[in-house]
Structures are given as C-alpha cells and as structure tokens.
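Chain residues, written in single-letter form:
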Amino acid sequence: MVVLVTGANGQLGKSLEFISVNYPDIQFNFFSSSDLDITDRQKIEQVFNSIKPDFCINAAAYTAVDKAETEQDKATLINVLGVKYLAEICLVFKTKLIHISTDFVFDGDKNIPYTEEDITNPQGIYGRTKREGEQAVQSILEEHFIIRTSWLYSQFGNNFMKTMLRLAEDRSSLSVVNDQIGTPTHAVDLAEVIVEVILSESKNYGIYHFSNEGSASWFEFAKKIFEINKVSIDLKSIPSSEFPTPAKRPKYSVLDKSKIKKEFKIHINNWDESLERK
C-alpha cells in the first residue's frame, strides 16, 4: 500500500509521520510544500508518476483564518485550485483521495452538532475556499473521502495549545473568549482515523465529520491546558466582542460523528482525555 501525504510539515502531516512507524505494511511518502507545491500541476503529475500512490492524503492547506481576509487570492490558489489539481491527477492515476476540511464551512448558527447533510454557509474567506475545495473534489473524483475536523492541536506545528503555553511563560494573566463553542481535536487522533479509513477498504465515499467527543469554549480549553500542565495563571473569561478578529468565527461548530463511527467502527476519545495524553 503506497500513501502520499501532502503538507507533511503541518501538524497533521507530522502526526501522520509520528504514527507511521506503527504501520509497516503502508509505504508512506511525505511531501512538504517545498517538496510538492499542490498549486503546481506538473509537479504533482511528476510525483504521482514516480511513486504511483494508492491513496493521497491532502493535509496541505492555507489555514491563516484572519490573513485570508486580505489574502483571498493565495487562499484560493491553495485551498481550491491546488485541491482541484490533486483531484484531477488522482483521477488519472486511480488514486483515492482523503481531503481534510474544516468546521469553518458552517456559519455556527446551530446549537446542536452539525451533520454531513447540514447546509454549509461559510462566513469568511478561509471557510469559503475550503468549501470550494470540497466541491472541486466532489465534482471531479468519485473515489474520495472528505473529512471535516475542528480545533486541531498537537505537539507539532502551531496551534492554540502551544500558543497558550508559550504566552503563559511571559504573562501572569490571559483573557480567552468564552462564547465560541467547538471541540478541541488531537491531530494524532485524526491521523489514526485516517489510517483506519485507508485500511478499511471502504467504498462508501463522501463527506465525514471527525473531532474528539464533547464540547468546550476556548476559555474552557485553555483552562484545561493549564490545569494539565500545572501552570498557574490568572485566566479571564471574555466575550468575543472584547476580542475582535478580521474573520468571523463560528459561534458553535461541534460536529456530529455518528456517520464516521458507524462506517469505520471507531471509538472516539473525549477531548479532555486526549489532551491528558498529548
């Protein structure tokens, strides 16, 4: 089994590399953006021709949510055009594509978990380009799994957990918003599920939701991070109105995981359990 991973230097790419030693029957090929720029169609074709992957895991993405508001062209190039190229090359080489998407495709106006059938309504450029990337995959390639996830963190890359711990080194107090609700998701847990999808040989292609179980506000997430790491800090709870950002965040973006649990027979940890064993 040959698996190509794009975006290898991101936290999901690093998490996949971290667990890859546990799967000797899978030949993983990791490509960073400098090794494989997904906006370069010719380069994608060269790489596919060289390694002939059975699966491509697309972990490459433009994820700077706020910067996307002023860098729409760059976000579109990577999240839409690059994804389109990957899907087209996957079709040529009969490669199955696992494409990673986001809770930002929803507007956050619900108060119960979002299912795969819910109408998307992204509120910013990042979410819009990610949704257009999904649509590109759906229109080009039948053999695909689109996995939407949320609030990724890990020991790798840049993420909320590492930012909180870094800020706590220099500050005696921090303010964190308390009115955006979602599910912190350990990137290693997502990586494990992606491998389960590959090993399952399932042909039930389409969109799936994966995050850890449960829900929290960013404030609750930060509080648990400091509690587990035994960091003493004055943590203040504030509304989003006191912390304006260029891009609008979903107020509520908890994902319903019923479909992925049923199809792949997986157990999903609660978010605070996974944080404990980071």
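A brief report on the enclosed structure follows.

Calculation criteria
- Residues numbered from 1 in each chain as written.
- Predicted model: local features only at pLDDT ≥ 70, side-chain atom pairs only at ≥ 80, totals over all residues.
- Heavy atoms only, no water.
- Buried < 20%, exposed > 50% of the residue type's maximum accessible area, 1.4 Å probe, protein only.
- Helix = DSSP H or I, 4+ residues; strand = E, 2+ residues; numbered from the N terminus.
- Right-handed = clockwise from strand over helix to strand, strands pointing away.
- Pairing = 2+ DSSP bridges.
- Salt bridge = Lys/Arg side-chain N within 4 Å of Asp/Glu carboxyl O.
- Arc of directions from axis to C-beta.
- Contact = heavy atoms within 4.5 Å.
- Polar contact = N/O pair within 3.5 Å; in protein donor to acceptor, adjacent residues only side chain to side chain.

Turning next to the pairing of strand S1 (residues 2-6). Most of S1 is tucked away: 5 of the 5 residues are buried. Burial along S1 is two-sided: the residues Val2, Leu4 and Thr6 and Val3 and Val5 are all buried. The handedness of the S1 to strand S2 (residues 27-31) crossover, carried by helix H1 (residues 11-20), is right-handed. In the sheet, S1 pairs with strand S3 (residues 55-58) via 4 bridges, with the strands oriented parallel. Within the sheet, the bridge partner assigned to Thr6 lies in S3 and is Asn58.

Attention now goes to the pattern of salt bridges. Under the criterion given, the structure shown has 12 salt bridges. Ionic pairing is found between Glu88 and Lys84, a salt bridge with its closest N-O pair at 2.7 Å. A residue pair is termed a helical-turn pair when its members lie 3 or 4 positions apart in one helix, as Glu88 and Lys84 do in helix H3 (residues 72-93) at 4 residues. On the basis of relative accessible area, Glu88 is assigned to the buried category, the value being 18%. Linking Lys261 and Glu213 is a salt bridge whose minimum nitrogen-to-oxygen distance equals 2.7 Å. Of this pair, Lys261 sits in helix H8 (residues 258-264) while Glu213 sits in the loop between strand S10 (206-209) and strand S11 (216-217), and the two are 48 residues apart along the sequence. Among the ionic contacts, a cluster of salt bridges with common partners joins Arg41, Glu45, Lys84 and Glu88.

The next thing to look at is helix H2 (residues 41-51). The set of residues buried in H2 consists of Ile44, Val47, Phe48 and Ile51. Along the long axis of H2, the arc covered by the buried residues comes to 100 degrees, so they all point the same way. With respect to the buried face of H2, the exposed residues turned more than 90 degrees away are Gln42 and Ser50. Lining the buried residues of H2 we find S1, S2, S3 and H3. Put simply, Asp40 is the residue that caps the front of H2, since its side-chain oxygen is 3.2 Å from the backbone nitrogen of Gln42.

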